[in-house]
Amino acid sequence: MRRSLGLIGVVSLLVLGCSGAASEPVQSVPPAATPTAASGKFKVETVTGGLEHGWDVGFLPDGGILVPQRPGKLALIRKGQAAEVRADFSDVLVQGEGGLLGLVVSPDFATSREFITCQDHQEGGKAVDIRLVTWTLAADGTSASKVKNLLTGLPVNPSGRHSGCRPTFAPDGALLVGTGDTARASIAQDRHSLGGKVLRLDAKTGNALPDNPFITSSDPHERLIYTYGHRNVQGVAIRPGSGQVITAEHGPTFDDEVNLLKPGANYGWDPSKGGTGTSYDESVPMTDLKRFPDAVSPLWTSGKITEAISGDAFLTGAQWGTNDGALVVVALKGQKLLLYHLDPAGKVLDVTLPPEFDDKFGRLRAVRSGPDGALYVTTSDGTNDKLLKVTPA
């Protein structure tokens, strides 16, 4: 059964009965904004199985792929074979949504062999924080050693709820990190907290970059903030050629959001209702324009339902035909992959649901565009999870 997706201002649903269509429109869009229909089917191959909640995908120069797994395990995949990378993850808090989460391979990996993870941290069984950790991978790929804690102090919920945490490198070398609000009422709007934000930092030092929007603040946490007012950012992708930062974010029981980031902007999530309440009131709007008139409206929202959208990435390369440059977003609850065509400003022109990904592979967590131009997707059902490779058919 196909699930509907809401589009800002336009929510009439189109369900096509032609299962042989290359890509089925999820909803209608204003006629003036409707682009040429997406064309070309997708080929989906299983690279490997036997994973457990694969949370991210990191590409090595030699063709290897690192996949962190939420229970505190790291896999190195070469030629379709997954091998465990020995590393000390004994301090990872594995609870609920928390554990070993996002991962990025350093741009200078060829010389440094460094990669960065985002993980919930515990000491003596007690939740301490969520942190970014820098590691080096051994030459033979069988083990990894901790170099340092790159950034500590991200808030954590002992239950693991709303841990975030997706890191992505921008073309200028900045490390962007989407974080969660840890299901606490005031954190998203609190610019002294690193939760419910997108952070921007130097990947070598962990310091704020000199052109960050709040760099003149006396608070080192605030200096790290790129955007705020987020609920639980799960995807961070850079649009090729434009530098636009597009995020995917979980809504409560409505309004998952795809957002275009603007430095220093507020994205309007505030379950404390302007600080008037201490309970985590999830009935408030995801983007509360009445309370925050200057908040940035999303590019797209799921409307009255949630898909629990997670990772996002862009298709790149002429091999994708009319889908070259399209945004891809994967969903956990919705168990689907969604394809968005955007205009140059980032406005969503249409959203399509490739039939190859309509409830076919279970919960989908990560999606990254590989150096070979293929799309790589992880499943997240907890049993025999897979790394999938997606190419044009």
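My aim in this report is to walk through the structure given alongside it, one point at a time. (Residues numbered from 1 in each chain as written. Predicted model: local features only at pLDDT ≥ 70, side-chain atom pairs only at ≥ 80, totals over all residues. Heavy atoms only, no water.)

Quick look at the nonpolar core
Here is step 1: Within the largest apolar cluster, 24 residues are counted, with the highest numbers of intra-cluster contacts made by Ile 116, Leu 132, Leu 175, Leu 199 and Leu 201.
Here is step 2: If you list the elements that add at least two residues to this core, you get strand S7 (100-105), strand S8 (114-123), strand S9 (126-137), strand S10 (144-154), strand S12 (175-178), strand S13 (197-201) and strand S14 (225-228).
Here is step 3: When neighbours within four sequence positions are excluded, Ile 116 is seen to be in contact with Gly 102, Leu 103, Val 104, Ser 106, Leu 132, Val 133, Thr 134, Leu 150, Phe 169, Leu 175 and Ala 203.
Here is step 4: Within the second largest apolar cluster, 18 residues are counted, among which are Ala 248, Leu 260, Leu 327 and Ala 331. (Core = buried A, V, L, I, M, F, W, Y, C linked by side-chain atoms within 4.5 Å. Buried < 20%, exposed > 50% of the residue type's maximum accessible area, 1.4 Å probe, protein only. Helix = DSSP H or I, 4+ residues; strand = E, 2+ residues; numbered from the N terminus. Contact = heavy atoms within 4.5 Å.)

Overview of the environment of Phe 169
Here is step 1: One can find Phe 169 in strand S11 (residues 166-169).
Here is step 2: Distance from Phe 169 to Val 105, taken between C-alpha atoms, is 8.8 Å for residues 64 residues apart in sequence.

Digging into the pattern of salt bridges
Here is step 1: Applying the stated criterion to the full structure yields 16 salt bridges.
Here is step 2: Of the charged contacts, one joins Arg 78 and Asp 62 as a salt bridge, the two residues approaching to 2.9 Å between their closest N and O atoms. One end of the pair, Arg 78, is in strand S5 (residues 73-78); the other, Asp 62, is in the loop between strand S3 (58-59) and strand S4 (65-69), and 16 residues separate them in sequence.
Here is step 3: On the basis of relative accessible area, Arg 78 is assigned to the partly exposed category, the value being 31%.
Here is step 4: We note a salt bridge from Arg 200 to Asp 172, for which the minimum N-O separation is 2.8 Å. Of this pair, Arg 200 sits in strand S13 while Asp 172 sits in the loop between S11 and S12, and the two are 28 residues apart along the sequence. (Salt bridge = Lys/Arg side-chain N within 4 Å of Asp/Glu carboxyl O.)

Looking at the sheet that holds S3
Here is step 1: Spatially, the four strands line up as an open sheet ordered S3-S4-S5-S6, and their pairing is antiparallel. Sheet topology places S3 and strand S6 (81-84) at the edges, where each strand pairs with a single neighbour.
Here is step 2: Pairing of S3 with S4, which is carried by two bridges, proceeds in the antiparallel orientation. From the neighbouring strand, Gly 58 faces S4, where its bridge partner is Leu 66. (Pairing = 2+ DSSP bridges.)

Concerning the side chain of Thr 182
Here is step 1: Tracing the backbone shows Thr 182 in the loop between S12 and S13.
Here is step 2: The buried category is assigned to Thr 182, whose relative accessible area is 0%.
Here is step 3: If near-sequence neighbours (up to four positions away) are discounted, Thr 182 is found in contact with Pro 155, Val 156, Asn 157, Arg 161, His 162 and Ile 187.

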